[in-house]
Amino acid sequence: MQTTDVPATFSAGSVPAPAEQPQPLRLSEVRARIQRPRTSVPLYLDAELASEIADAAEALERAAAYDETSNEPDTAPALARHLRDLEDAAEASRVLFVLQAISHRAYRRLVGEHPPTEQQRQMMADLGAEPPPYDADALAPQLVRKQLVSPQVDSDEEFEVFWDELNDGQLQQLWQSALAVQLGVTDPGPKSETASDILARFGTT
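In this report, the structure presented in the accompanying data block is examined. (Residues numbered from 1 in each chain as written. Predicted model: local features only at pLDDT ≥ 70, side-chain atom pairs only at ≥ 80, totals over all residues. Heavy atoms only, no water.)

The next point concerns the overall build of the protein. Check the secondary structure of the protein and you find 9 helices and 3 strands. Mapped in sequence order, the helices and strands of the protein form the string α-β-α-α-β-α-α-α-β-α-α-α. Relative to its 205 residues, the protein shows a buried fraction of 23%. For the protein, contacts bridging at least 24 residues in sequence account for 70% of all contacts bridging at least 6. On the protein, roughly 15800 Å² of surface is accessible, and the fraction owed to carbon and sulfur atoms is 52%. (Helix = DSSP H or I, 4+ residues; strand = E, 2+ residues; numbered from the N terminus. Buried < 20%, exposed > 50% of the residue type's maximum accessible area, 1.4 Å probe, protein only. Contact = heavy atoms within 4.5 Å. Areas by Shrake-Rupley, 256 points an atom, 1.4 Å probe, with all protein chains shown as cover.)

Turning our attention to the sheet that holds strand β2 (residues 94-100). Pairing within the open sheet is antiparallel, and its 3 strands lie in the order β1-β2-β3. Edge strands, defined here as strands with exactly one partner in the open sheet, are β1 (38-44) and β3 (148-150). Neighbouring strand axes in the sheet, compared pairwise and without regard to direction, differ in orientation by 35 degrees on average. Where β1 meets β2, 7 bridges bridge the pair, whose relative direction is antiparallel. What sits directly across from L43, in β2, is V95. (Pairing = 2+ DSSP bridges. Axes fitted to C-alpha atoms, helices over the stretch in contact; angles between N-to-C directions.)

Here the focus is the packing of aromatic side chains. Within a pair of aromatic rings, the relevant descriptors are the distance that separates the centres and the angle that separates the planes. In this structure the tally under the stated criterion is 4 aromatic pairs. Ring geometry for F97 against F162: centres 5.6 Å apart, planes inclined by 20 degrees, an arrangement best described as stacked. Here the residue F97 occupies a position in strand β2, and F162 occupies one in helix α7 (residues 156-165), the gap between them amounting to 65 residues. Connected via pairs of aromatic rings, a cluster forms that spans F97, F159, F162 and W163. (Phe/Tyr/Trp six-rings, centres within 6.5 Å; stacked < 30°, edge-to-face > 60°.)

What follows deals with the packing of helix α6 (residues 136-147) against α7. Describing two packed helices takes the angle between their axes plus the distance from one axis to the other. Interaxial distance between α6 and α7 falls to 11 Å at its minimum, and their mutual angle equals 125 degrees. Regarding the angle of α6 to α7, the classification is oblique. Seen from above, α6 lies across α7 with right-handed handedness. Residues A140, P141, V144 and R145 of α6 lie in contact with α7, whose contacting residues are D156, F159 and W163. Residues belonging to the contact of α6 with α7 are distributed by class as follows: 5 nonpolar, no polar and 2 charged. (Parallel < 35°, antiparallel > 145°, perpendicular 65-115°, else oblique. Left-handed = near helix turned anticlockwise from the far one by under 90°. Nonpolar A, V, L, I, M, F, W, Y, C, P; charged D, E, K, R; others polar.)

Before going further, it helps to examine helix α3 (residues 76-92). With 17 residues, α3 should cover 24 Å at 1.5 Å per step; its first-to-last C-alpha distance of 24 Å lies within 8% of that length. Those residues of α3 that fall on the buried side of the exposure criterion are A76, L83, L86 and A90. The buried residues of α3 occupy one face: seen down the axis, they fall within an arc of 85 degrees. In α3, those exposed residues whose orientation departs by more than 90 degrees from the buried face are R81, D85 and A92. Next to the buried residues of α3 lie β1, α2 (48-69) and β2. (Expected span 1.5 Å × (residues − 1). Arc of directions from axis to C-beta.)

Relative to β3, β2 runs antiparallel, the two sharing 2 bridges. Looking across to β3, one finds that L99 is bridged to L148.

Tracing the chain through its elements places L43 in strand β1. Residues L43 and E91, 48 residues apart in the sequence, show an inter-C-alpha distance of 9.8 Å. Once you skip the residues sitting within four places of it in the chain, L43 turns out to touch S93, R94, V95, F97, L166, Q170, Q173 and L174.

A grouping of D46, E48, E52 and D55 is seen on the molecular surface, where their side chains present a negatively charged patch. Relative to the helices and strands, D46 is located in the loop between β1 and α2. (Patch = residues over 30% accessible without salt bridge, like charges linked within 9 Å, V, L, I, M, F, W, Y side chains within 5 Å. Salt bridge = Lys/Arg side-chain N within 4 Å of Asp/Glu carboxyl O. Lys, Arg positive; Asp, Glu negative; His and termini not counted. Charge placed at Lys NZ, Arg CZ, Asp CG, Glu CD.)

Here it is, written out as structure tokens:
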């Protein structure tokens, strides 16, 4: 009678150990992963330099074209140095503002605290449009203040003074950035095919 060897690790009647079941994901673990989106807003605080730079750049273009056809001493190098000085001064006035989205509940509360004014409602009604969801003039500084991570603010009064000192373009830049980071989509989308191709080509994952 032929016998079959039984592996030492297996005995008749033994049952394989069940596979270890993954532990259920806990909400506390999910909450620990939440990272609200941030955005960086470069703000040039010396706004007057922007127009000076534009004028200097235009003058430099004209000078460079003139120098190519003229027998007179070149004027473009001096204008180029002047333009570079203006650009360096503008860069020195540049401050990076970091905004981070607040929770949806905090945002809704802010919106509710700043309803549109009667004048704003009437203006939109005259245009045959829906009333605005909030008073943007009042909500803008409050949202930026709540989102502001850097620079640090010592007091609400200090921020109010700062906000009053900005021009319309600077205010709009901060306000639009605050809305974008608050309401923007945070889904990063599918993985990059380009990155996958390069990693596969070099034998990495």
